[in-house]
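Close look at the chain arrangement
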Amino acid sequence: MANRVQNGGRRWATLLVVALWACVGQASGRIERSPSPATGSGTEARPLTQASDWQAVEQLIAQRKYRAAAEAVAQLRGQAQVAGASAEWTRALVKEVQLTVALGGVETAVRLLRETPWPAGKVEQTVLTLLYGHSLARYLDVYGWEIGQRERVATADDLDLEQWTRAQIVTAIDAAYSGLWAERDAWGAEPIGELAEYLDQNDYPARIRGTLRDVVTYLWVEFLANTAYWAPEESHTVYRLDVAALAAAEASANGGQHPLVRLAAVLADLERWHRAGDRPEAAFEAVLQRLSRLESNLTRDADRTLVRRYLESALTALGRHYSWWSMGQAQLARMVQSEADPDSLVRARDLAQAGRDAHPKSTGGRRCASLVAGFEAPGLNLESMSSDGLGQRSLLLRHKNLATVFFRAYALDLETTLTENQDFNLLPDQRHIEGLLARGEPSHRWRIDLPATPDLRQHQTFVTPPFEEPGLYVVVASAREDFRREGNKLLAVDFIASDLVLLAQIEDGRVRVDLRSGATGEVLADVEVALWRLEYRASHRRLRTARTAGDGRAVLAADGGRPTAAIVIARRGSDVNFERVWLGRRRQPTPSDTTEALIFTDRSIYRPEQEVLWKVVAYDRSMARERLHAAVGRAFTVELVDANWESVASVEVESNDFGSAAGSFTIPSGRLLGGWHIRTSLGGQAQIQVEEYKRPTFEVVLNEPPEPLRLNRRARLVGEAGYYFGLPVVDGAVEWRVSRRPRYPEWWGWFRPIPSRGEELVAGGETRLDADGGFALEFTPEADEREAREGVTYSYAVTVEVTDAGGETRSAARTYRLGYVAIEARIDSDRGFFDAGGSVAFEVRRADLDGTPRAGTGRWRLALLEPPAEVTLPADEPVASAGGEAQFRTPGDALRPRWSSAYVVTGRLRGWRAGSPIGEGTVEHDDDGLAVVDFTALEAGAYRLSYETDDPFGARFETQHEFLVAGDTDLPL
């Protein structure tokens, strides 16, 4: 949809850059480009070049003879310049820049445009300055890292391009847009016209983006929206923007404001111009771009929701009868799609359907149709255990928008497959599977009817293969019953159905194999175990076999040849399984004695011209006996190395009776700052930092809150800035920000998925220091109290930066943890379990949410837990749903994969029901927040110790701790 600059024979994925009439000014001052004397008034002279000349150039380009083509074009440019042929002159200069870029000379192309005279005509100036600005952007993209290392040069002289900093280049590009945009009323209504020859035309309808004013505005918007060109402080302060004002187009353009503020103002100006000209669809496009650009840069859900509501209002105001309404519906669907609500995809699909049905042949209608197709497209993925017992749910389908999946399984012999393969891919690969589908007859066929997925999201369904005999199988899943590739999704896994579980380990040149039954865990005796050596591009070889003894163990001699991959195969009748091992040992180097050194400095940061005091401790290391000795009387060199790894100074020293030597270096000025090193000829090095720094003159402190902080209540924080000599900082600006991060209890993940929420900026602002150096800030620590009631707490990190009248900036930071209650307690024990009849004791520590111990009263209750009637494996423990997701949950969503290794005993016990209390009481916490709860003579079993306490606001904190008392009782854990 976008206009693009034609440059270097390639399409740069950016919008057209239309620049100043006169030229771009660089950051240190404006460069006014004068036309060549040969151009006169800019009136077009008779074309000097012929069509055959350009045909020859195009032929050279087609033959990739770019350098010859560039030389030919330079000659054509010179002829046109002498003759004053403006169009030919411009055409040749543009082509010369393109070829220079194609030859890898982006910087040369920029220089060419800066140093070569331009024609005086407005169209020609526009085209060339467009190319100049775009070339600057390309230069910044290509050499961004090198440009980022440059330091700004303060001078009134015209700087060479190699001295421009990133900020200066960005300022120059921005000046091009803003300068041309300032002239929009003079030419804005004109169509693209003569510029079309130099543009990669977009496919926007002329009624939407057909004027020069549209082109210039949207190109400037594209530049302003590119966060790669933003300064760090601009990226970091998006949270401080007035989103409601920007969405409602209440902001004004100002060169010193945030890029998003300027972007919104520029598009608001275009919207007003189109409305004044009775072009409602073009005006709506400006609104659509403003809102979509804002939404893509916002991080707070509330802000994104606000922008979405403005778009809904704009769509209503435009009216469904306009075809560009469907384009707005497509963008609205994308916004809704990114929301976290369980039904967000359904709502997004419905919005896209409305846009598709309203104007099916329009650009927006086709875009909506594409979105609908994506939402409703079937999805299928297949995972499996590598091996599992018969009759288990060993396969996992992840699916959406699919009613049925068809399966074929092919039974193979493991050793035959192993013999046929001649690489380290032991099981059937893609080529083998394709052959099975084309020629083989499956041993099993079946189908699975999948549950509906009305939320359009992926869900999971577990599959139990209908195998009756153990062995190696290739399982293929298909969305079509005929298993054709066209219009289908085919997935395949290798799967071994087996009761054999083997563990193979290398010990003292031998392979030790332990064999167990997967169903019962019993040892398996008298089972054949074979060791196979794997060869690459050759048949794998069986080395030797053995049979397991009564303890289920077999020992095989490892191959004494070169190190190689191998496998151990266990077979009992048709039941077979294997495990990989590594044979042979790599040759270890013979230990040798070495001399090494430890290096110490008096501090870690220095300024140029300062002295570095160093000390070296040299020691001998005896590798054979693994002992260290001081290296006495050892001569060695100590060297100072700068940030470019160039030697600055060195000295010869000799270690004393304690193996040490000391000295100093003076850091010279005029060298690169950064990480320097001190190293010795014995080895070892220490890094120091060489910086030009200024000692701080004042500090900033965030004090204790005047009132306790609570969730969803206005919070007031105070602080102060004071000089180190004792007086307050009375004149200074204060900038502050607050970020929030949720913290979930450790048991949360045992019963429900933990949302993936990162740190979120929630508040910020500016204020000033008062006459006493103090400041205050206020914000509301908002959070979901429903989650807080279930134990979720929130960390609010407050950062304050104070800048005094002299420009010095100091900062302070503090974190406040808030929850539904202001007090919490932790039950601790140094025992994992207790013995029946013995002493059982727990420490209970009471503290506020920031970890400060708090005295107070707590209440406890002890109950014996009732085990469930049936034993369930860890993988069979149900998975809890998260809130609104329950309405779309399928049966498989509540199950864990059998290969999941997550298992916590205390998490398992938390789900057991507690019987009647067998003891209760109160405890008093001391000033360290500590209290002890102890019991004697508890019988074997599982117990729950429950504890509760009240915070100063009357809210109750509750926690519990499950523990085991061991005895003769078997518990279903």
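Preceding this paragraph is the structure being described.
Computed from a predicted model, the values in this text were never measured in an experiment. (Residues numbered from 1 in each chain as written. Predicted model: local features only at pLDDT ≥ 70, side-chain atom pairs only at ≥ 80, totals over all residues. Heavy atoms only, no water.)

1. Description of helix H16 (residues 325–337)
- Helix length check: H16, at 13 residues, gives a terminal C-alpha distance of 18 Å against a target of 18 Å (1.5 Å per residue), a fit within 8%.
- Of all 13 residues making up H16, 11 are buried, and the element is well covered by its neighbours.
- Within H16 the residues assigned to the buried category are Trp 325, Ser 326, Met 327, Gly 328, Gln 329, Ala 330, Gln 331, Leu 332, Ala 333, Met 335 and Val 336.
- For H16, the elements touching its buried residues are helix H14 (280–297), helix H15 (301–318), helix H17 (344–358) and helix H18 (363–376). (Helix = DSSP H or I, 4+ residues; strand = E, 2+ residues; numbered from the N terminus. Expected span 1.5 Å × (residues − 1). Buried < 20%, exposed > 50% of the residue type's maximum accessible area, 1.4 Å probe, protein only. Contact = heavy atoms within 4.5 Å.)

2. Here we look at the pattern of salt bridges
- If you walk through the whole model with that rule in mind, you get 55 salt bridges.
- A salt bridge links Arg 207 to Glu 281; its shortest N-O distance comes to 2.6 Å. Placement of the pair is Arg 207 in helix H9 (residues 206–209) and Glu 281 in helix H14, with a sequence separation of 74 residues.
- On the accessibility criterion, Glu 281 (9% relative accessible area) is buried.
- The residue Glu 415 makes a salt bridge to Arg 542 at a minimum N-O spacing of 2.9 Å. Taken together, the residues Glu 415 in helix H19 (residues 414–420) and Arg 542 in strand S15 (residues 541–547) connect sequence positions 127 residues apart.
- Using a relative accessible area of 14% as the deciding quantity, one classes Glu 415 as buried.
- Owing to a relative accessible area of 37%, Arg 542 belongs among the partly exposed residues under this scheme. (Salt bridge = Lys/Arg side-chain N within 4 Å of Asp/Glu carboxyl O.)

3. Digging into the environment of Ala 914
- Counting through the fold element by element, Ala 914 comes out in strand S39 (residues 913–925).
- Judged by its relative accessible area of 28%, Ala 914 falls in the partly exposed class.
- Ala 914 sits 48 residues away from Glu 866 along the chain, and the two C-alpha atoms are 6.0 Å apart.

4. Quick look at the packing of aromatic side chains
- In the structure shown here, the tally under the stated rule is 18 aromatic pairs.
- Centre to centre, the rings of Phe 842 and Phe 963 are 4.9 Å apart; their planes meet at 55°, and the pair counts as tilted. You can see Phe 842 sitting in strand S37 (residues 839–848) and its partner Phe 963 sitting in strand S42 (residues 956–966), a full 121 residues away along the chain. Each member of the pair, Phe 842 together with Phe 963, is buried.
- Among the aromatic residues, those joined into a ring-pair cluster are Phe 407, Trp 446, Phe 467, Tyr 473 and Phe 495.
- Above the face of the Tyr 204 ring, Arg 209 is positioned so that its terminal group lies 4.0 Å from the ring centre. (Phe/Tyr/Trp six-rings, centres within 6.5 Å; stacked < 30°, edge-to-face > 60°. Lys NZ or Arg CZ within 6 Å of the ring centre and 35° of its normal.)

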